[in-house]
Amino acid sequence: MTSATRMGVLALLWGSGFLWIKISLNQGLTPGWITLVRCALGAAVLLALAYGAGQRLPRDRATWGRLVVAAFFCNALPFLLFSVGEQTVDSGVAGVLNATTPLWSLLIGLALGTERPLRATRLAGLALGFAGVLLIFAPWSHGSGLMSWGALALLGASASYAVAFAYMARHLTGRGTAPLALSAAQLLTATGLSAPALVAGGTATVTWAGVLAVVVLGVLATGLTFHLNYRMIAEEGPTAAATVGYLLPVVSVTLGALILDEPLTVRVVAGMAVVLVGVGLTRSRRRRPRVEPGVTDPEGATRVAGAPLAVAGAARSTRPSG
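Predicted model only: the values in this text are computed from it and were never measured.

Moving on to the overall build of the protein. Looking only at helices and strands, one finds 14 helices and zero strands in the protein. Counting from the amino terminus, the protein carries its helices and strands in the arrangement α-α-α-α-α-α-α-α-α-α-α-α-α-α. A burial count over the protein gives 51% of its 322 residues as buried. Long-range contacts, defined here as pairs at least 24 residues apart, represent 87% of the contacts in the protein between residues at least 6 apart. Carbon and sulfur atoms provide 65% of the accessible area of the protein, an area that totals close to 13,800 Å².

Set out below in structure tokens:
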């Protein structure tokens, strides 16, 4: 499989997650059930992969305690918020808003003092990115349906990812834990954290289409995508893996329009373009020393927009084994 083909497959599987959430909701599943099943199936996939790779789950309490925080902000909360948001917002728009994660990461870094004062290019990117969000929301356009609690829930999910990445970079990386096992443990924890959402979510209607959609979401768009992204970081490098993040909004918008007949308005497409340009500008950095072959760029994994699992933590905790 060529690099371009692998990148395309990963972008298709990963970006289709918003479509499967929408179909699950349309078939009567509640956000709580979607979140719980997604976490459980993703954990099952990663547990199988970890077992096949000879990796064991963490055994110390300290790591599991950190995983509770990571699982909440990186899985349980954003997965639930995406499902809640897509009750009123199109799946394509959800994919576009997911791309704002790097913008929130930059703001968090500034607030925590881990980011240096912004150069003009990155500051312009930050302003441009959120201008794109405003263009998508179109608060001046009444009746568009985008300026809603659902849209704010989607932005909250993207911000939650950013909080998770900042936390994992500080508390879960570089501790020698096998990455697949660490991510499996994180999703296991997220499964437990998601259970209370069932109580508040009401009764779900079960249909074969809904079951199939949530199974694909959990197995392919959650569990398998982590493994493919992990392999891409190992074999292609973090830059290639980060590129996939820029393709996710394009995939989500295209699938939503083709399969769900969601309106593909000029404003949403323009907003998506503005957001992606802004994100690209915020990721620009001064030229860095050349990285020797075989050495993973320690910042690359965190550049993937909206990574659903502990991609940043896994890629940075140990060198991938290929």
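Picking up after the structure, the text goes on.
Moving on: the packing of helix α5 (residues 91-98) against helix α7 (residues 120-137). Running from amino to carboxyl end, α5 crosses α7 at an angle of 165 degrees, the nearest separation of the two axes being 11 Å. In terms of their interaxial angle, α5 and α7 are classed as roughly antiparallel. Remark: the crossing between α5 and α7 carries left-handed chirality. Listed contacts from α7 to Val 93, Val 96 and Leu 97 of α5 are Val 133, Ile 136 and Phe 137. Considered class by class, the residues forming the contact of α5 with α7 number six nonpolar, no polar and no charged.

A separate point is the environment of Arg 56. Mapping Arg 56 onto the fold places it in the loop between α3 (31-52) and α4 (61-85). Assessed through its relative accessible area of 60%, Arg 56 is described here as exposed. Taking the C-alpha atoms as reference, Arg 56 lies 8.8 Å from Leu 180; in sequence the two are 124 residues apart.

Turning to helix α2 (residues 17-26), a few remarks are in order. Of all ten residues making up α2, eight are buried, and the element is well covered by its neighbours. Residues Gly 17, Phe 18, Leu 19, Ile 21, Lys 22, Ile 23, Ser 24 and Leu 25 constitute the buried set of α2. Two residues or fewer after α2 comes Gly 28, characterised by a positive phi angle close to 100 degrees.

Scoring rules and cut-offs
- Residues numbered from 1 in each chain as written.
- Predicted model: local features only at pLDDT ≥ 70, side-chain atom pairs only at ≥ 80, totals over all residues.
- Heavy atoms only, no water.
- Helix = DSSP H or I, 4+ residues; strand = E, 2+ residues; numbered from the N terminus.
- Buried < 20%, exposed > 50% of the residue type's maximum accessible area, 1.4 Å probe, protein only.
- Contact = heavy atoms within 4.5 Å.
- Areas by Shrake-Rupley, 256 points an atom, 1.4 Å probe, with all protein chains shown as cover.
- Axes fitted to C-alpha atoms, helices over the stretch in contact; angles between N-to-C directions.
- Parallel < 35°, antiparallel > 145°, perpendicular 65-115°, else oblique.
- Left-handed = near helix turned anticlockwise from the far one by under 90°.
- Nonpolar A, V, L, I, M, F, W, Y, C, P; charged D, E, K, R; others polar.

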